[in-house]
Amino acid sequence: MLETSARLLRLLSLLQARRDWASADLAERLGVAVRTVRRDVGRLRSLGYPVHATPGVSGGYRLGVGAALPPLLLDDEEAVAVAVGLRSAAAVSIAGIEETSVRALTKLEQVLPSRLRRRVNAFQTYAVAVPGTGPTVDIGVLTTVTAACRDHERLRFDYTGHDGADSVRTVEPHRLVSWGRRWYLVAWDVDRRDWRIFRADRIRPRTPTGPKCVPRDPPDGDVVTYVSRRMGTTMWPYQARVRVHAPAEVVAGRTNGLLETIDEHSCVLTLAGDSLGVIVVILGLLDVDFDVIEPPQLIDYMARLADRYRRAAHPSTPDMIDADPRPSKD
């Protein structure tokens, strides 16, 4: 009886590990005859597991979707990976998922063998996550957006731009992308007839979704490439273009900005940031000569900054610098 029960658990684990199994493959894995596999499948069905059979000479089995969630069978490495993933999920920027992850982790730890519990506890004790300070996104927004992507349905939502302006957008959603601690929707904007990137925490979906739309090829041939390029410039409130007096290959190793080669001695660099000060710092770290092309505000900012540095380099009271700052002793 114990041997049969162990074999049933092993069979269930195999059915959960792969979508389709041939009867002969299952029999070989379990070390039994095909008819024994057939009897064991019948026992699983009597326990409520929806195991579907494929008829024919090369027929097999598939574990279907049931009305209730069956217990999962995990090997040691899978159990540790799930536990670590749940612990990491408690620090993500999705509203409401922290408590759910902790509850699921508590349930999992209660059934973990002591040898695995020690490994999981070591991770929890010695791996520290820095609390995020950025905005959080409601998990309902994420599921609504991803469902529209899956079903190829248009999505209408209220959106707040980085300048605080509200608008109603109609898009053909393509992919939801995680970048740092934020989520972004890459979608074709129907009204603007172009690809756009929307921050998920600023999206307020309108229901219902629809109508259906024909899937488009991803921008730049790859959504990751597109997001990487756009996030480097256009997603920031401040942008600048400068002519750098150095070859593009030299500048490329010092910044993540967009480069356009002019000739073998110079290039145009496009930078972006959340302030002009950040852009100036990046330019200073290049340690090469450059000319500002745009915007004019950057030229004014750098002129004021140059005056400040000039005053710092040539103070009006040099004797105060030469004085010994240590207190005198009587």
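Residues numbered from 1 in each chain as written. Predicted model: local features only at pLDDT ≥ 70, side-chain atom pairs only at ≥ 80, totals over all residues. Heavy atoms only, no water.

Quick look at the sheet that holds strand S2 (residues 51–53)
Then step 1. Ordered by their spatial adjacency, three strands build an open sheet running S1-S3-S2, and the pairing between neighbours is antiparallel. Both edges of this open sheet fall to strand S1 (21–22) and S2, since each of them pairs with a single strand only.
Then step 2. Here S1 runs beside strand S3 (residues 60–63); their pairing, made up of two bridges, is antiparallel. Within the sheet, the bridge partner assigned to Ala-22 lies in S3 and is Gly-60. (Pairing = 2+ DSSP bridges. Helix = DSSP H or I, 4+ residues; strand = E, 2+ residues; numbered from the N terminus.)

Here's the deal with the packing of helix H5 (residues 97–111) against helix H6 (residues 114–126)
Then step 1. Contact geometry of H5 with H6 gives a least axis separation of 10 Å together with a crossing angle of 145 degrees. Across the interface between the two elements, Leu-105, Glu-109 and Gln-110 from H5 touch Arg-117, Val-120, Asn-121 and Gln-124 from H6.
Then step 2. For the contact of H5 with H6, the per-class residue count stands at two nonpolar, three polar and two charged. (Axes fitted to C-alpha atoms, helices over the stretch in contact; angles between N-to-C directions. Contact = heavy atoms within 4.5 Å. Nonpolar A, V, L, I, M, F, W, Y, C, P; charged D, E, K, R; others polar.)

What about the sheet that holds strand S7 (residues 166–179)?
Sheet strands pair by backbone hydrogen bonding; their relative direction is either parallel or antiparallel.
Then step 1. A sheet is described by the order of its strands in space; here five strands give the open sequence S9-S8-S7-S6-S10, paired in antiparallel fashion. Edge strands, defined here as strands with exactly one partner in the open sheet, are strand S9 (194–199) and strand S10 (203–206). Across the sheet, the mean angle from the axis of one strand to that of its neighbour is 50 degrees, orientation sign disregarded.
Then step 2. Bridge count between strand S6 (residues 155–160) and S7: six bridges; the pairing is antiparallel. When the sheet's bridge partners are listed, Thr-160 is paired in S7 with Asp-166.
Then step 3. Most of the contacts of helix H7 (residues 139–151) go to S7, to which it runs at about 85 degrees, and overall it touches S6, S7, strand S8 (182–189) and S10.
Then step 4. In the packing of helix H8 (residues 223–231) onto the sheet, contacts are made with S7, S8 and S9, and the angle to S7 comes to roughly 115 degrees.

Observations regarding the pairing of S6
Then step 1. Most of S6 is tucked away: five of the six residues are buried.
Then step 2. Hairpin connection between S6 and S7: a loop of five residues separates the two successive antiparallel strands, and Gly-164 in this loop has a positive phi of roughly 90 degrees.
Then step 3. When S6 meets S10, the two strands line up antiparallel, connected through four bridges. Residue pairing in the sheet places Phe-157 in a bridge with Pro-205 of S10. (Buried < 20%, exposed > 50% of the residue type's maximum accessible area, 1.4 Å probe, protein only.)

Section: the environment of Arg-119
Then step 1. For Arg-119, the location among the structural elements is in helix H6.
Then step 2. The sequence separation of Arg-119 and Val-84 amounts to 35 residues, and the corresponding C-alpha distance is 9.6 Å.
Then step 3. Discounting chain neighbours no more than four positions away, the residues touching Arg-119 are Glu-77 and Val-80.
Then step 4. Reaching out from Arg-119, the side chain makes a polar contact with the side chain of Glu-77 at a distance of 3.3 Å. (Polar contact = N/O pair within 3.5 Å; in protein donor to acceptor, adjacent residues only side chain to side chain.)

What about the side chain of Arg-7?
Then step 1. Looking at where Arg-7 falls in the secondary structure, it is placed in helix H1 (residues 2–17).
Then step 2. Not counting residues within four places of it along the chain, the set of residues in contact with Arg-7 comprises Leu-30, Val-32, Thr-36, Asp-40 and Arg-43.

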